[in-house]
Amino acid sequence: MNLELIIFIVLALTGAISAVGMITRPNPVISALFLIFNFFALAGLYLLLNAQFISIVQIIVYAGAIMVLFLFVIMLLRTGEEPKLFSEKKHIKYFAIVIAVLVFVQLGYLIFYEAPSEYISQRVQQSMEAGTIENIGQQLYTTYMIPFEAAGFLLLAATIGALVLAKKNFE
Amino acid sequence: MPINSSEYLQILPFLILGLGIVISTLFEMYYKNSENFLPWFSAILFLVTGAIALTGLHDQTVLFGGMLAAGGKSAIFHFIFNLGAAIVVMSSVNYLNKYGANFGEYYILLQSSVLGMMMMSAARDIFMIFMGLELMSICFYVLAGINRKKASANEASMKYFLLGAFATGFIVYGIALIYGSAQTTSIDAIVNNFSALTDNVIFIVGFAILLIGFSFKIAAFPFHMWVPDVYQGSATTVTGLMSTTGKAAAFSVLIAIMTAIFSENIPNTFVDYFAALATLSMLFGSIVAIAQDNLKRMLAYSSISHAGYMLIGLSAGNESSVAGIIFYLAAYAFMNLGAFAVISVIEGENDSNTELNAYAGLNSKSPVMAFFMALFMFALAGIPPMAGFFGKYYVFIAAIEADLTWLAVVGVFSSAISVYFYLRVVVYMYFKESEYDFIIQKNNSGMFAVMVSGLLVLVFGILPDTLLTQILSVINY
């Protein structure tokens, strides 16, 4: 058993267990913390797949920024009396089960009967090279330079907009 | 791929507007009375940007490795956006002061939204379209709710945001499917292989989903649910911007991604979709508008039916229809902006005086306002010699050339219905006794906006060739 496989098993188990923990805990704060765990495990899996950039973005953006936002919202809007989704609407539960089974069957079929490695292995080298930070940075500042600058203005406008709607004093 | 520094000169309108946004932001941060300075700054900025865009009209190139186009159709669109935004700025100052909502940030968001529209119309890559669309939409969501104290403005902003985000989801999903099937996001590559790609089911599905997303943005019939509430609740000047330049930006994207169908030998795969949407939008908008007593709501429904007329052009799918749509968009932009500018001048505090009754006897209170409002109503109804007539005329001619005479007939029928509710406003203004008592503010910069739009509507109406020859000279690229 090589090291890569051991790391994979550890990460996959962490990911799976934290995902189950997230949906079963009644306390939303604990659920959110489990989700952070899940994101970290996913980031590790991306790293194993040689996708360094996505792995780091996963930690900075999802585990960092978005989850902190989630926690803030949960803590600020603390409403214990809120009716539970499933006890209010019973049929949603069956709908969720159907969707879950469908996705699971699809994934199982792909993994065990379709032999995805046949398609994927053709371009492993290419995709490994494309996923490195150097390559993404180079693309970002040459081919995609204009959209990159546009994203800057998009963020500026979004920040100004949020501040105007939330903070501006009316006289 | 190295970037040629001379390419920056050709995107000068973008650079100027971008620089303007940064300067305005700094000004807003460090200068206390920025709201007195920024309107003038933005108006001049828009006029300069629009003028520079026009100078590059005949200099068509694709820049930055196929990301942006300069000149041609995009130059005409840039001119429409910037001139429209300048008119909005002029009518905004006095209007926002009525609500105590004259913030410097309003003008920064206005500039950013125009930058987004310019990106949309100049984009040669789906990626770029998406960035521009988001920049425009996010600014619109905020601008719609700029008057935070008003409940209906909050409702409009929230509704627009939720439904707009939903439509964006559709667009992204469509882009994903197109990328998956065409293996590229370059519009030129998609357009050149259009007939080969339309054999692919995934491409067709992706394209249809993309079209649904944009049908929402142009406010066509089955995707119009948000229009009346958002147009009525938002600040009047912002509604003017959303309904004209926002619609023009979405149409510029539709024209760009559908370029293939406008050439002779490629069949229009989506003709049924566009024709159905056009028919439903025209009739629904015109018929429901009859029952409206609020002028903003009436113009919202009229905006749905105008989207229908423009969609006739997309169903026709020939060269004269592109010219027709662009002409229609230019004419519609200025007549609708003018009408909204009049409403913003007449409107009092707390949404008062937007009802039709408030316009009764307007002629005795302000003959100038009544004259221009009548002008815009005639133009919207499509009565010659106003600009609106030629917009409809070119689009209908294009439909007849494409053997879609029935669609043109439906269009004429719908215009005939719409004459009723447009002329009702004129009848109220000239032949009814005044019921309400209100004073129109003197020295109102909104008046100036009204006059400029009125002048443009007349010029485009009496001399339609000035604009049309320019459009025709650049669309054969």
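Residues numbered from 1 in each chain as written. Chains lettered and ligands numbered in written order. Predicted model: local features only at pLDDT ≥ 70, side-chain atom pairs only at ≥ 80, totals over all residues. Heavy atoms only, no water.

A. Region of the structure containing the overall build of chain A. Within chain A one finds nine helices and zero strands. From first element to last, N terminus to C terminus, chain A shows the α and β order α-α-α-α-α-α-α-α-α. Taking all 171 residues of chain A together, 19% fall into the buried category. Across chain A, every contact between residues at least 6 apart in sequence was considered, and the portion connecting residues at least 24 apart equals 52%. For chain A, the accessible surface area stands at approximately 12,800 Å², while carbon and sulfur atoms represent 72% of it. (Helix = DSSP H or I, 4+ residues; strand = E, 2+ residues; numbered from the N terminus. Buried < 20%, exposed > 50% of the residue type's maximum accessible area, 1.4 Å probe, protein only. Contact = heavy atoms within 4.5 Å. Areas by Shrake-Rupley, 256 points an atom, 1.4 Å probe, with all protein chains shown as cover.)

B. Here's a closer look at the interface of chain B and chain A. Opposite the 35 residues of chain B that make contact, chain A presents 23 residues. Here chain B and chain A share an interface that buries about 2,500 Å² over both sides, 79% of which is from carbon and sulfur atoms. If you sort the residues of chain B by the area they bury against chain A, B:Phe103, B:Met131 and B:Arg148 come out on top, with a joint share of 22%. The tally of links between chain B and chain A comes to zero salt bridges. Run the count over chain B and chain A and you get two residue pairs in polar contact (both at pLDDT 80 or more). (Buried area = accessible area lost by both parts, 1.4 Å probe. Salt bridge = Lys/Arg side-chain N within 4 Å of Asp/Glu carboxyl O. Polar contact = N/O pair within 3.5 Å; in protein donor to acceptor, adjacent residues only side chain to side chain.)

C. Quick peek at the nonpolar core. The biggest cluster of nonpolar side chains holds 193 residues, and the ones touching the most others in it are B:Phe214 and B:Met377. If we skip the residues at most four places from it in the chain, B:Met377 touches B:Met298, B:Leu299, B:Ala339, B:Tyr422, B:Val425 and B:Val426. Of all hydrophobic cores here, the second largest spans eight residues; its members include A:Ala32, A:Leu35, A:Phe39 and A:Leu71. (Core = buried A, V, L, I, M, F, W, Y, C linked by side-chain atoms within 4.5 Å.)

D. Main features of the packing of helix α14 (residues 295-316) of chain B against helix α18 (residues 387-401) of chain B. Residues and elements named next belong to chain B. Remark: α14 packs on α18, axes separated minimally by 8 Å, with the N-to-C direction vectors making an angle of 35 degrees. For the element pair α14 and α18, the recorded crossing hand is left-handed. Note on element contacts: α18 touches α14 through Lys392, Val395, Phe396, Ala398 and Ala399, opposite His306, Tyr309, Ile312, Gly313 and Ala316. Classifying every residue of the contact of α14 with α18 gives seven nonpolar, two polar and one charged. (Axes fitted to C-alpha atoms, helices over the stretch in contact; angles between N-to-C directions. Left-handed = near helix turned anticlockwise from the far one by under 90°. Nonpolar A, V, L, I, M, F, W, Y, C, P; charged D, E, K, R; others polar.)

E. Region of interest: empty space enclosed by the protein. Residues and elements named next belong to chain B. Within the structure shown, the criterion is met by two cavities of 30 Å³ or more. Estimates place the volume of the largest cavity at around 90 Å³. Mapped by element, the contributors of at least two residues to the lining of the largest cavity are α6 (126-144), α10 (201-217) and α12 (236-257). Tallying contributions element by element places α12 first for the lining of the largest cavity, with four residues. (1 Å grid on protein atoms, 1.4 Å probe; cavity = no way out; pocket = protein on both sides within 12 Å on 5 of 7 lines; lining within 4 Å. Points joined across faces, edges and corners; volume = space filled by probe spheres on them.)

F. How the structure looks around the side chain of B:Ser181. Residues and elements named next belong to chain B. Along the chain, the position of Ser181 falls in helix α7 (residues 151-182). Judged by relative accessible area, Ser181 falls into the buried class, the value being 13%. Here the side chain of Ser181 touches Leu177 through a polar contact of 2.9 Å, landing on its backbone oxygen. Those residues in contact with Ser181 that lie beyond four places of it in its chain are Leu197, Asn200, Ile202 and Phe203.

G. Broad picture of the side chain of B:Asp125. All names here are of chain B. You can see Asp125 is positioned in the loop between α5 (104-122) and α6. It turns out Asp125 is buried and unbridged, and the closest side chain with the opposite charge, Arg124, is 9.2 Å from it. Among the polar contacts made by the side chain of Asp125, one reaches the side chain of Thr185 at a distance of 3.0 Å. Leaving out residues up to four positions away in the same chain, Asp125 has contacts with Gly66, Met67, Thr185, Ser186 and Ile187. (Lys, Arg positive; Asp, Glu negative; His and termini not counted.)

H. Examining α12(B) more closely. All names here are of chain B. Given a rise of 1.5 Å per residue, 22 residues ought to cover 32 Å, and the 31 Å separating the end C-alpha atoms of α12 matches this to within 8%. At Met242, α12 shows its strongest bend, of approximately 25 degrees. Counting buried positions along α12 yields 22 of 22 residues, so the element is predominantly enclosed. (Expected span 1.5 Å × (residues − 1). Bend = angle between axes of the 7 residues up to and from the residue.)

I. Geometry of the pattern of salt bridges. All names here are of chain B. Considering all chains together, one arrives at four salt bridges over all chains under this definition. We note a salt bridge from Asp229 to Lys159, for which the minimum N-O separation is 2.6 Å. Note that Asp229 is positioned in helix α11 (residues 227-233) and Lys159 in helix α7, a separation of 70 residues in sequence. When its relative accessible area of 29% is taken as the criterion, Lys159 is described as partly exposed. Overall, the relative accessible area of 25% leaves Asp229 in the partly exposed class. Sharing partners across several salt bridges, the network here consists of Glu155, Lys159, Asp229 and Arg297.

J. Broad picture of the packing of helix α17 (residues 367-381) of chain B against helix α19 (residues 405-431) of chain B. Residues and elements named next belong to chain B. Two numbers describe how α17 lies on α19: the axes approach to 9 Å, and their chain directions differ by 165 degrees. The orientation of α17 with respect to α19, classified from their angle, is roughly antiparallel. As for the relative orientation of α17 and α19, their crossing is left-handed in sense. Contacts between α17 and α19 pair Ala370, Phe371, Met373, Ala374, Met377, Phe378, Leu380 and Ala381 from the former with Val419, Tyr422, Leu423, Val425, Val426, Met429 and Tyr430 from the latter. (Parallel < 35°, antiparallel > 145°, perpendicular 65-115°, else oblique.)

K. The environment of B:Ala323, seen in detail. Residues and elements named next belong to chain B. By the secondary structure assignment, Ala323 is in helix α15 (residues 319-346). Between the C-alpha atoms of Ala323 and Gly145, which are 178 residues apart in sequence, the distance is 35 Å. Those residues in contact with Ala323, other than ones at most four positions away along the chain, are Leu468, Ile471, Leu472 and Ile475.

L. Here's a closer look at unusual backbone geometry. Here the residue pair B:Pro384 and B:Pro385 is connected by a cis peptide bond, since its omega of 5 degrees sits within 30 degrees of zero. Among the structural elements, B:Pro385 can be located in the loop between α17 and α18. For A:Asn50, which is not glycine, the phi dihedral falls at a positive 70 degrees. Looking at where A:Asn50 falls in the secondary structure, it is placed in the loop between α2 (28-48) and α3 (52-76). Phi at B:Ala219 takes a positive value of approximately 65 degrees, unusual for a residue other than glycine. With respect to the helices and strands, B:Ala219 occurs in the loop between α10 and α11. Residue B:Ala219 is classed as buried on the basis of its relative accessible area, which comes to 0%.

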